[in-house]
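Overview (structure and organization)
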Amino acid sequence: MSTVSHTQEAPEATEPPVPPSPVHAELLRRARRRRRARTVLFHVLSWGLAVVILYPGVWMLLSAFRPSNQIIGQTGLIPDETTLDNFRKALEGIGGISFWTFFGNSMILAVGSVMGICLSCSVSAYAFARIDFPGRRIFFALMIGTLLLPFHVVIIPQFIMFNEIGWTDSYGPLLIGKFLATEAFFVFLMVQFMRNLPRELDESARIDGAGHPRIFFSIVLPLMRPVLATASIFAFIWSWNDFLAPLIYLRSPDSYPLPLMLRQYTDQTTVSDYGAQMAAAVLALVPVLLFFVLFQRYIVEGVATQGLKG
Amino acid sequence: MSLTQQASPGAPQDRPTRRPKPPGARRRAAETRAGYAFLAPWLLGFIALTAGPMLASLYLAFTNYHPIRGGSWIGLDNFSRLFDDSRFLDSAQVTAIYAVVGTPIKLVAALGVAMLLNSRRRGQGTYRSLFYAPSLIGASVSVAIVWKAVFNDQGIVDDIGQFFGMPAGGWVGNPDLTLPMMILLAVWQFGAPMVIFLAGLKQIPNELYEAAQVDGAGPWRQFVRITLPMLSPVLFFNLVLETINSFQVFASAFIISGGTGGPANSTLFYTLYLYQRGFGQGQLGYAAAMAWLLVIVVGIITLVFFKTSKYWVHYSGDGR
């Protein structure tokens, strides 16, 4: 689209020192009008898109305040009657286990994931980005390869393995991989970031006699704050939303994280209380949305820079 | 960035007398030791949780392993049974349609919106973040629940559909409409590729467009001759990533169909069927065969993308 060039042309057009001829003035006016029309079109399109995209979320939020029997079949957004009953019921939880138990479980898993990923991935990324040793290139290629590997191929043997060592129904299988840098996305993200840090920093530290541990902890790690923030946000949200791994490994309901609690609501066997279901779905999303509102710049830029280099 | 400022507190204040440089060999050995020490977490994870399990699942694929009954070597039986298994064929078909139809639609949407947002206008950043939001929550159970409600009979999509003359009854229970519904869910999450496209668009030098305009090229010609070629590396990246992602849908299909993959296997995604076989019925050998088949297919697709990329991906301008 040629939108960009228009903004560029405008200052040139106003430049001539001679007062603009009538023809020239007319052209200017037309250009300005066209630019305004484009701006209007931009906002109309963007707004239209925003409405369509946000509808499901807004509908969910507002439905959570409707009486349970008025949810299905209501396509409008504004509830006729509002009630907080759904939230009360959602907070009661399921099967005598309070919502806050599930919430706490999710929190333990998410915080554990963030810690594991920040620790293990930053250390491993340092080896890839800053240390020269035989085998590095091969390992790096393998790491990139795991980025493209469908996870299906490892979940079955992993399940058997964790079953054999008696780890099922614990958080071990859900967290161990995070502490062993198995999520290549984060390693890759951090390698890319570290490569952009000036090499002179560690070189001068080396001359001063610092070894790799020292360089890593006192120089590189503090500079990695932005990428650690981005990684933490993604690690938290992905763990918070994860469904498959808890579904496979967790047996006792009081260890369930929120996605498994929500699944109970959708089970045919339990009473379909749509109101409580919507309220619980909303509550489960609150931390994610909070993160998003607070850190959306980090998130969006993290995605952008990660994608820049294939 | 204030790199040097932040770095100085960490560096030692007084410079000790410079040590004599160790002979190259010893120094290299030290580097190697440090390299492996730092790489240890990843290396351990790679061996224990990726490479080892991959080999194990390759072995399992040739057995009828069951978590309680154990298993024995059955050769290629799993693979030959797969092709007589109508549910497997359904799941492969569902996933293939989802990937082949959904991915291009999602990428076109992402590119279109990225181009819309690629101008310095007020609100651009806000729109960008808004449009990204679904990508972040799209795989969550909460969204699957809402999707199910929105596409149910009497949901808004059904109302709009009826307005355009479609039969009433909702999409969730109609085997012809569940896959389009799942594709819409994927397209709704166009935000991630959009952000990547946007970053790519910002890298295209303006002079190219100016020169093209001087030559009298219209918007379409500029798009085909400048935007697309300049964007092709990013397009390639998005295409590979989104295609692979599209094979991995699970939570939304599981929740919307109540774990069954119904109605009439129309939401029986590959992952869902693998889960049913492996973890529902304990046929872990069979599921391992499914997993390996998928790895092979994904591998071939990725290889084809990479091999054909030299014909349509242009690396120019950025020194590559």
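Since the model is a prediction, treat every value here as computed from it, not as a measurement.

1. Section: the overall build of chain B
Scanning chain B from N- to C-terminus turns up 14 helices and zero strands. When the helices and strands of chain B are listed from N to C terminus, the series reads α-α-α-α-α-α-α-α-α-α-α-α-α-α. What you see for chain B is a C-alpha radius of gyration of 26 Å, clearly larger than the 20 Å of a compact globule of 320 residues, by over 25%. Based on the C-alpha atoms only, the size of chain B along its principal axes is roughly 80 × 65 × 40 Å. Taking as baseline every contact in chain B between residues at least 6 positions apart, the subset at least 24 positions apart corresponds to 67%. In the structure as shown, chain B presents an accessible area of about 15,300 Å², 63% of it carried by carbon and sulfur atoms.

2. Re the interface of chain B and chain A
Across the boundary between the two partners, chain B contributes 100 residues, which contact 109 residues of chain A. Roughly 9,500 Å² of surface becomes buried between chain B and chain A when both sides are summed, with 75% attributable to carbon and sulfur atoms. The interface formed by chain B and chain A includes one salt bridge. Residue B:Glu31 is joined to A:Arg206 by a salt bridge in which the shortest nitrogen-to-oxygen separation is 3.1 Å. Summed over the shared surface of chain B and chain A, the number is twelve residue pairs in polar contact (both at pLDDT 80 or more). The element contributing the most residues to the side of chain B that touches chain A is helix 2 (residues 24-60) of chain B, with 22 residues. Looking at the side of chain B that touches chain A residue by residue, the class counts come to 67 nonpolar, 21 polar and twelve charged.

3. A closer look at the confidence of the model for chain B
Residues and elements named next belong to chain B. When pLDDT is averaged along chain B, the result is 87; 91% of the residues meet or exceed 70. No element of chain B has a lower mean pLDDT than helix 1 (residues 3-7), at 40, and none a higher one than helix 4 (residues 86-117), at 96. A low-confidence stretch, residues 1-14 (pLDDT under 50), is modelled with eleven contacts involving residues beyond four sequence positions or located in other chains. For this predicted complex, the interface score ipTM comes out at 0.85, alongside a pTM of 0.86.

Criteria and cut-off values
- Residues numbered from 1 in each chain as written.
- Chains lettered and ligands numbered in written order.
- Predicted model: local features only at pLDDT ≥ 70, side-chain atom pairs only at ≥ 80, totals over all residues.
- Heavy atoms only, no water.
- Helix = DSSP H or I, 4+ residues; strand = E, 2+ residues; numbered from the N terminus.
- Rg over C-alpha atoms; globule rule 2.2 N^0.38 Å.
- Contact = heavy atoms within 4.5 Å.
- Areas by Shrake-Rupley, 256 points an atom, 1.4 Å probe, with all protein chains shown as cover.
- Buried area = accessible area lost by both parts, 1.4 Å probe.
- Salt bridge = Lys/Arg side-chain N within 4 Å of Asp/Glu carboxyl O.
- Polar contact = N/O pair within 3.5 Å; in protein donor to acceptor, adjacent residues only side chain to side chain.
- Nonpolar A, V, L, I, M, F, W, Y, C, P; charged D, E, K, R; others polar.
- pLDDT = per-residue confidence, 0-100.

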